[in-house]
Amino acid sequence: MLDALKANGYYENTMVWFTTDNGPEVNCAPEGRCGGTSTIPPGTLHRPDCSGPGSAGPLRGRKRDVWEGGHRVPGVISWPAVIKGPPRVSWDPVITMDFMATVMEILGVERPESQQDWAFDGVSVMPILRGETPTIRGFGHMYMTPQASPQYGYSYRYGNWKLVVGGISCAAARASFNCSQPQLYNMDNDIGENINLAGTHPGILAAILDNFTLWQKSVLNSMANESKCTNTPPPGPAVKFPSSPPVSTECKSVLGSGLNGVDLTSGAVQTQEECCGACRITAGCYGSDFRTASKMFPASDGSVTGGTCHLKSAFSLGGTAFGAVSLQPL
């Protein structure tokens, strides 16, 4: 692509972004750390003992985690007409929602009048590209649900400080610390999130928790009142997965297929019959799918037996999914 841009005279004044959307696949319970094995080279500390590709290097967590390994990825931006001088490295945080804000600034585009008061999380990265010092910013991460769920994890970054609560790789009962409780890390000198400073700086922890709460309320308001999408359900209270779902065979099953739609909630179970029972006793559940666990795709609690049960508000069959069973209560 770059050769084509150069051959046609467009390279100098074309902005090119190259990045990825998340960390490497396969999660590592109970606390986001994956060790090497006899078949995995030393030094790839965070690569799991299975066929999961890629390494998160020194970072804790992997894809889906709110620890840095879940979403901190390298990125390259090229625009020779604007980015002058030799190549340089910036450690200023940038997120994919900054793409639109940057392009809008470059093109001189404003939001429609009716959307001027809508929340807008992205910021232009033009100051970084010009070699200037950007304004300190804050942004959050939530996985799977807009609710503050330690099961799925949520985090908030402000400047060099980062809040982390729970996550997909957090199995607090088996971890060396209670990873479902708020943690505080200093990103200036601890990108591996090894030193929890929540007890050392309680004032900073309280402030960043308040900032997360304000940001999350803004997200919920945007979903309910500031969206042009017609298929997004309004946010409601978090649905808790049953702690001990009953075994039930009163579900129609479809082998090899998952269900469409966002989860009401999900949890680890041992059998598809438990997944059926969980849906039958959960208000608003009209279908569920059971995904068999493996080393490549562990259950939501990190185990490699049983599987993960996803509860849905509708029974809408998706495409073929290896190891999945869709269940519709009778």
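The following paragraphs examine the structure supplied in this document. (Residues numbered from 1 in each chain as written. Predicted model: local features only at pLDDT ≥ 70, side-chain atom pairs only at ≥ 80, totals over all residues. Heavy atoms only, no water.)

1. Quick look at unusual backbone geometry
Phase 1: Residue Pro30 is bonded to the preceding Ala29 through a cis peptide linkage, with omega at 10 degrees.
Phase 2: By secondary structure assignment, the location of Pro30 is in the loop between strand 1 (16-18) and strand 2 (76-78).
Phase 3: You will see that Arg64, though not glycine, has its phi angle at about 85 degrees, which is positive.
Phase 4: The topology assignment puts Arg64 in the loop between strand 1 and strand 2.
Phase 5: Judged by relative accessible area, Arg64 falls into the partly exposed class, the value being 22%.
Phase 6: A positive phi angle is found at Glu193, which is not glycine, with a value near 50 degrees.
Phase 7: Along the polypeptide, Glu193 turns up in the loop between strand 6 (183-186) and helix 4 (202-225). (Helix = DSSP H or I, 4+ residues; strand = E, 2+ residues; numbered from the N terminus. Buried < 20%, exposed > 50% of the residue type's maximum accessible area, 1.4 Å probe, protein only.)

2. Some thoughts on the pattern of salt bridges
Phase 1: Tallying each qualifying case throughout the model produces 10 salt bridges.
Phase 2: For the salt bridge of Lys312 with Asp263, the shortest nitrogen-to-oxygen distance reads 2.6 Å. Linking Lys312 in strand 10 (residues 307-312) with Asp263 in the loop between strand 7 (251-259) and strand 8 (265-269), this pair joins segments that are 49 residues apart in sequence. The same class applies to Lys312 and to Asp263, which are both buried. (Salt bridge = Lys/Arg side-chain N within 4 Å of Asp/Glu carboxyl O.)

3. Points about helix 2 (residues 98-107)
Since there are 3.6 residues in each turn of an α-helix, residues three or four apart along the chain are aligned in direction.
Phase 1: Listed in full, the buried residues belonging to helix 2 are Asp98, Ala101, Thr102 and Met104. Axial view of helix 2: buried residues confined to an arc of 160 degrees, hence all on one face.
Phase 2: Buried positions along helix 2 lie against strand 1 and helix 3 (126-129).
Phase 3: The first or second residue beyond helix 2 is Gly108, which carries a positive phi of 70 degrees. (Arc of directions from axis to C-beta. Contact = heavy atoms within 4.5 Å.)

4. What about a nonpolar patch on the surface?
Phase 1: Together, Val103, Ile106, Leu107 and Val109 make up a nonpolar patch on the protein surface, roughly 330 Å² of accessible area in all.
Phase 2: Along the chain, the position of Ile106 falls in helix 2. (Patch = residues over 30% accessible without salt bridge, like charges linked within 9 Å, V, L, I, M, F, W, Y side chains within 5 Å. Areas by Shrake-Rupley, 256 points an atom, 1.4 Å probe, with all protein chains shown as cover.)

5. Details of the pairing of strand 10
On a regular strand, one side chain projects to one face of the sheet and the next to the other, so that they alternate.
Phase 1: Here strand 10 lies mainly inside the structure; 6 of its 6 residues are buried.
Phase 2: In the sheet, strand 8 pairs with strand 10 via 5 bridges, with the strands oriented antiparallel. Among the inter-strand pairings, Val269 is bridged to a residue of strand 10, identified as Gly307.
Phase 3: Relative to strand 10, strand 9 (residues 287-292) runs antiparallel, the two being bridged by 6 bridges. (Pairing = 2+ DSSP bridges.)

6. So, the sheet that holds strand 3 (residues 138-142)
Phase 1: The antiparallel open sheet is built from 4 strands, whose spatial order is 3-4-5-6. The open sheet has two edge strands, strand 3 and strand 6, and neither has a second partner. Direction aside, neighbouring strands of the sheet carry axes that sit 15 degrees apart on average.
Phase 2: Pairing of strand 3 with strand 4 (residues 154-158) involves 5 bridges; the strand directions are antiparallel. Paired with Phe139 across the two strands is Arg157, which belongs to strand 4. (Axes fitted to C-alpha atoms, helices over the stretch in contact; angles between N-to-C directions.)

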